[in-house]
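So the chains spell out like this:
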Amino acid sequence: MSATDFAAVPAQVPTRGRTGSARLLGVTSLAHFLNDGVVFFIPVIGDLLAQGHHVSTVLITAMLTIFYITSAGFGIVVGLVADALGRRGSMIALGIATLGVSLLGFYAALSLTGVPSDVLVLVAAAVAGVGSSFYHPLGGSLLQLGFPESSRGRALGINGAFGSLGRALYPALFFVIAALGISKPATAIVFAVLSLLAAVIVLVGLRPESAAPAGRRSDAPVPVPSPASVPADPAGDPPAGQAAARPASVPLRSLLSRSVIALTSIAFFRSLAFIGIVAWIPIYLTTQRHAGISTGLGIAVTAMYAGGIVGQPLFGLLADRFDKRIVLAADSLGSALGIFWFLTTSGHGATALLALAVFGLFTFSGFPLLMSLVADYVPKSASTTGNALVWGIGSTGGQALGPLAASLLMAGSEANLGVAFAILGGVSAVTVLATPLLQRTGRSSRMAMFG
């Protein structure tokens, strides 16, 4: 069955009550905030290891590489297990708890020296990679199944904004807590405990109602245009005393349609370009724009990340209203134009900050666009695996190679970072050429932008 067949079938997930939808969006948004906050906290730990332990750049590079590769690869396992068992809510909680455990491992590494510390750094990075692989395919699946097509983009956009908020706030919160008198290694324990507590909140918050009205089991399967089916409650955890309806699995190979392969490739090269730039922006500002390690640098980086807080809901709305393929192409072009504009500015004043904010607005808005398109190209019973392909292999895989690509392009000289950014911006723009490979899907009915 083609992607058009899947897109043509109306969403048959039973309408969730207003309270249930608000809870689903609220709890998954909390999980997204925590997940992305910890993920973007990992480089801060690398800085602590370099500054306090004088760890070699080779070990820091190995730590980051293990983290990103593990996150990209394990996502497929998460997707297959979630689509087979249907327990997406419980698995999100497990991912958040695993991230908490990884922070305890990093604390131990920061507290030791020598070979034991080095080994713990690599082990903690692997554990963090496993933990970070859970949220995006699972959270995207919950929202894809829990909201109708007409409002799916908005829900994904609001949810994504909380991920951007976590990215923007977590590194700053770390230094705020450390300023209160807690040592920087011990601050990792604070965030570890918060993650473990949050995992409990997510587990309880995504648990279906304890009882369902007669004749309306909340674990009833959702009809799809194939023998496979999934639980009506997207969290997949059945009410107490009821057996879960286990959906039939969909072979991984059957998901590899032209559209899914093209979307995964677009996500990969977009992410490679974007993260290659984002990873080196602080060093570029410090060495080429003379921002120094100062408040000015912090404001510039925050301005870049804050763009996604606005951009994700905006592009979620656009995905609901217009052809998603065109919106995705516009997002890639907008990011390229944003970095080109930044390169024409000088220093780190207001114009440069505005250009960075525009770059961030487009760069960090991929989640609602990619997840909305995945829902059009894969059956509901394989939504998590489809998300893992596009987000895990595509976005996270590109993210793993982005900093290395920028490093190779600058040829060992930080003076060449501007040229590297321009080339990566061009890579982002070129992904638009793959848009025609994406199969056109049914567009949601037109709706008011904010109502």
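Structure's up top.
Numbers given to residues run from 1 along each chain, matching the order in which its sequence is written. This being a predicted model, a pLDDT of at least 70 is required before a residue's local features are given, and a value of 80 or more before pairs of side-chain atoms are given or counted; all residues contribute to the totals for chains, interfaces and linings. Only heavy atoms go into the side-chain values, all of them from the structure, while hydrogens and water stay out.

A few points about the overall build of the protein
Okay, so step 1: Scanning the protein for helices and strands turns up 16 helices and 2 strands.
Okay, so step 2: Type-normalised accessible area, obtained with a 1.4 Å probe on protein chains alone, sets the label of each residue: buried when under 20%, exposed when over 50%, and partly exposed for intermediate values. Relative to its 451 residues, the protein shows a buried fraction of 54%.
Okay, so step 3: Sequence separation of at least 24 residues holds for 83% of the intrachain contacts in the protein that already meet a minimum separation of 6.
Okay, so step 4: For the protein, the exposed surface amounts to about 17600 Å²; the carbon and sulfur share of it is 70%. Put simply, DSSP marks the helices as runs of H or I at least four residues long and the strands as runs of E at least two long, and each gets a number from the N terminus on. Contact criterion: two residues are considered in contact whenever any of their non-hydrogen atoms come within 4.5 Å of each other. Exposure was quantified through the Shrake-Rupley algorithm and a 1.4 Å probe, taking into account, for residues, occlusion by the shown protein chains and nothing else.

Here we look at the packing of aromatic side chains
Okay, so step 1: Within 6.5 Å between ring centres, the rings of Phe, Tyr and Trp (the latter by its six-membered ring) count as paired, and their orientation is classed by plane angle as stacked under 30 degrees, edge-to-face over 60, tilted in between. Taken as a whole and assessed by the stated rule, the structure comprises 8 aromatic pairs.
Okay, so step 2: Ring-pair connections join several aromatic residues into one group, and the members of that group are Tyr 284, Phe 342 and Phe 421.

Some thoughts on the packing of helix α12 (residues 324–344) against helix α13 (residues 350–363)
Okay, so step 1: Geometry is summarised by axes, namely lines fitted to C-alpha atoms with helices restricted to the contacting stretch, and by angles between N-to-C directions that run from 0 to 180 degrees. At a minimum axis separation of 8 Å, α12 and α13 run at an interaxial angle of 160°. With respect to α13, the axis of α12 lies roughly antiparallel. Like other packed secondary-structure pairs, α12 and α13 cross with a definite hand, here left-handed. Of the residues in α13, those in contact with Ala 330, Asp 331, Gly 334, Ser 335, Gly 338, Ile 339, Trp 341 and Phe 342 of α12 are Thr 351, Ala 352, Leu 354, Ala 355, Leu 356, Val 358, Phe 359, Phe 362 and Thr 363. Roughly parallel covers angles under 35 degrees, roughly antiparallel covers those over 145, roughly perpendicular covers 65 to 115, and oblique covers all other angles. For any pair of crossing helices, the crossing counts as left-handed if the nearer helix is rotated counterclockwise from the farther one by less than a right angle, and right-handed if it is rotated clockwise.

Here's the deal with the nonpolar core
Okay, so step 1: Judged by nonpolar contacts, the single largest core of 110 residues is most densely connected at Ile 92, Phe 106, Leu 263, Met 304 and Phe 342.
Okay, so step 2: What Ile 92 contacts, discounting residues up to four positions off in sequence, is Ala 31, Tyr 135, Leu 138, Gly 139, Leu 142, Val 202 and Leu 206. Nonpolar core, defined: a set of buried Ala, Val, Leu, Ile, Met, Phe, Trp, Tyr and Cys residues in which side-chain atoms within 4.5 Å join the residues together.

Considerations on helix α10 (residues 258–287)
Okay, so step 1: The first and last C-alpha atoms of α10 sit 43 Å apart over 30 residues, in line with the 44 Å expected at 1.5 Å per residue.
Okay, so step 2: Note that the bend at a residue is defined as the angle between axes fitted to the seven residues ending at it and the seven residues starting at it. Ile 281 marks the point of greatest bend in α10, at about 45°, and the proline Pro 282 comes within the next four residues. By this rule the span expected of a helix is its residue count minus one, scaled by 1.5 Å.

Details of the pattern of salt bridges
Okay, so step 1: For salt bridges, the criterion is a side-chain nitrogen of Lys or Arg within 4 Å of an Asp or Glu carboxyl oxygen. Following the criterion strictly, the structure yields 4 salt bridges and no others.
Okay, so step 2: The partner of Arg 270 in a salt bridge is Asp 331, and the shortest N-O contact between them spans 2.8 Å. Highlighted residues: Arg 270 in helix α10 and Asp 331 in helix α12, separated in sequence by 61 residues.
Okay, so step 3: The class of Arg 270 is buried, set by a relative accessible area of 3%.
Okay, so step 4: Overall, the relative accessible area of 0% leaves Asp 331 in the buried class.
Okay, so step 5: Ionic pairing is found between Asp 323 and Arg 325, a salt bridge with its closest N-O pair at 2.9 Å.
Okay, so step 6: Residue class for Arg 325 comes out buried when judged on its relative accessible area of 14%.
Okay, so step 7: In the salt-bridge network here, residues are joined through shared partners; they are Asp 323, Arg 325 and Arg 440.

Observations regarding the side chain of Ser 335
Okay, so step 1: With respect to the helices and strands, the residue Ser 335 is situated in helix α12.
Okay, so step 2: The residues contacting Ser 335, other than those within four sequence positions of it, are Phe 274, Phe 359, Phe 362, Thr 363 and Ser 428.

Section: the environment of His 136
Okay, so step 1: Examined against the element boundaries, His 136 turns out to sit in helix α7 (residues 135–146).
Okay, so step 2: Residue class for His 136 comes out buried when judged on its relative accessible area of 9%.
Okay, so step 3: In this structure the C-alpha to C-alpha distance between His 136 and Ala 388, which are 252 residues apart in sequence, comes to 7.6 Å.
Okay, so step 4: What His 136 contacts, discounting residues up to four positions off in sequence, is His 32, Asn 35, Asp 36, Phe 367, Met 371 and Trp 391.
Okay, so step 5: In protein, a polar contact requires one atom able to donate a hydrogen and another able to accept it; more generally it is a pair of N or O atoms within 3.5 Å, and residues adjacent in sequence count only if both atoms are side-chain atoms. Side-chain polar atoms of His 136 contact the side chain of His 32, separated by 3.2 Å.
Okay, so step 6: For His 136, the side chain forms a polar contact with the side chain of Trp 391, separated by 3.3 Å.

Any functional reading would require information beyond the geometric quantities listed.
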